[in-house]
Amino acid sequence: FRPRAAPIPILTGTVLRGQGGVYEVETADGVLEAVLRGKLKRDERSGEKVVVGDRVEMAPEKSGEETVWAIQKVHERSSILARRAPGKAPRPKLIAANIDQLLIVFAAAKPTPHLRMLDRFLVIAEDAEIPPVIVVNKIDLSGEDEARRTFAPYLAAGYAVLFTAAKQGVGVGETAEGVCGGMA
């Protein structure tokens, strides 16, 4: 009679951040650190193997004297936010996965808004089919009327634009309502 080995616990979670091959994964048991191992590490998926927002399955694995959590599987992504590759690079650079809405925050002043950069962010969001919301902060520095004039073309184009002064608490509640309420 051989005793049965205890089943290997599998945890499912969402990747919060990754750096140097170590990932912070939010699970029902809290935030845990995990690494890529085995087949997944060698797998040639399109783009990065694991990015922020990925839903993953992890199992404990022995590494020398200690036990580490190892990412075993990455679930299918519902959306991908990617930056186009510069030059003739073969594929885009994945930024994040499984995003429902994208907040693009720009200052109304200090620094002066760089609207061409905002345009690039909006193109990336549209390409990924992720609804963008433009949050214009620091309207106390420029004045709300000036901020509205600066960002009027985006309002006219149909984008959701929220005007805030976070340090003063202006528009913060409306931003949270709009974002949590599924504003697009």
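> Tell me about the overall build of the protein, and please be specific about residues and values.
Along its length, the protein carries six helices and 10 strands. Looking at the protein as a whole, 34% of its 184 residues are labelled buried. A fraction of 56% describes how many contacts in the protein between residues 6 or more apart in sequence connect residues 24 or more apart. A total of about 11900 Å² of accessible surface is found on the protein, and carbon and sulfur atoms cover 53% of it.

> Can you break down the sheet that holds strand β5 (residues 66–74) residue by residue, with the values?
For sheets, the rule is that strands pair by backbone hydrogen bonds, running either parallel or antiparallel. Spatially, β1-β2-β3-β5-β4 is the arrangement adopted by the five strands of the closed barrel, whose pairing is mixed. Mean inter-strand twist for the sheet, computed between neighbouring axes without regard to direction, equals 55 degrees. Across three bridges, the pairing between strand β3 (residues 30–36) and β5 is parallel. Residue pairing in the sheet places V35 in a bridge with A70 of β5.

> How would you sum up the nonpolar core? Please name residues and give values.
Membership of the largest hydrophobic core comes to 21 residues, with the highest contact counts inside it found for L118, I134, V136 and F151. For this core, the secondary structure elements donating two or more residues are β8 (102–107), α2 (115–128), β9 (132–137) and β10 (160–163). In terms of residue count, the dominant contributor to this core is α2 (four residues). Those residues in contact with L118 that sit more than four places away from it in its chain are I104, F106, I134, F151 and Y154.

> Which residues make up the packing of aromatic side chains, and what are the values?
Here the structure, examined in full by the defined rule, presents two aromatic pairs. Ring centres of F151 and Y154 lie 6.1 Å apart, and the angle between their planes is 45 degrees; this geometry places the pair in the tilted category. There is no split in this pair, since F151 and Y154 are both buried.

> Mind laying out the confidence of the model for the protein, listing which residues take part and the relevant values?
Residues shown with low pLDDT carry predicted positions that ought not to be read at fine detail. Per-residue confidence for the protein averages 86 on the pLDDT scale, and 84% of its residues sit at or above 70. Of all the helices and strands in the protein, helix α1 (residues 38–42) carries the lowest mean pLDDT, 59, while helix α5 (residues 152–156) carries the highest, 97.

> Help me get a handle on the environment of E129, residues and values and all.
Here E129 is to be found in the loop between α2 and β9. Along the chain, E129 and D100 lie 29 residues apart, while their C-alpha atoms are 9.3 Å from each other.

> Which residues make up the pairing of β3, and what values go with them?
In this structure, strand β2 (residues 22–27) lies alongside β3, joined through six bridges in antiparallel fashion. The partner of T27 across the bridge, within β3, is G30. Connecting β2 to the next strand, β3, in antiparallel fashion are two residues.

> Please give an account of α2 that cites residues and values.
The first and last C-alpha atoms of α2 sit 20 Å apart over 14 residues, in line with the 20 Å expected at 1.5 Å per residue. Listing the buried residues of α2 in full gives L118, L122, A125 and A128. The arc that holds the buried residues of α2, viewed along the axis, is 130 degrees, so those residues lie on one side. In α2, the exposed residues that point more than 90 degrees away from the buried face are R116 and D127. On the buried face of α2, the contacting elements are β6 (80–83), β8, β9 and α5. Remark: E129 follows α2 within two positions and exhibits a positive phi of approximately 60 degrees.

Analysis parameters
Residues numbered from 1 in each chain as written. Predicted model: local features only at pLDDT ≥ 70, side-chain atom pairs only at ≥ 80, totals over all residues. Heavy atoms only, no water. Helix = DSSP H or I, 4+ residues; strand = E, 2+ residues; numbered from the N terminus. Buried < 20%, exposed > 50% of the residue type's maximum accessible area, 1.4 Å probe, protein only. Contact = heavy atoms within 4.5 Å. Areas by Shrake-Rupley, 256 points an atom, 1.4 Å probe, with all protein chains shown as cover. Pairing = 2+ DSSP bridges. Axes fitted to C-alpha atoms, helices over the stretch in contact; angles between N-to-C directions. Core = buried A, V, L, I, M, F, W, Y, C linked by side-chain atoms within 4.5 Å. Phe/Tyr/Trp six-rings, centres within 6.5 Å; stacked < 30°, edge-to-face > 60°. pLDDT = per-residue confidence, 0-100. Expected span 1.5 Å × (residues − 1). Arc of directions from axis to C-beta.

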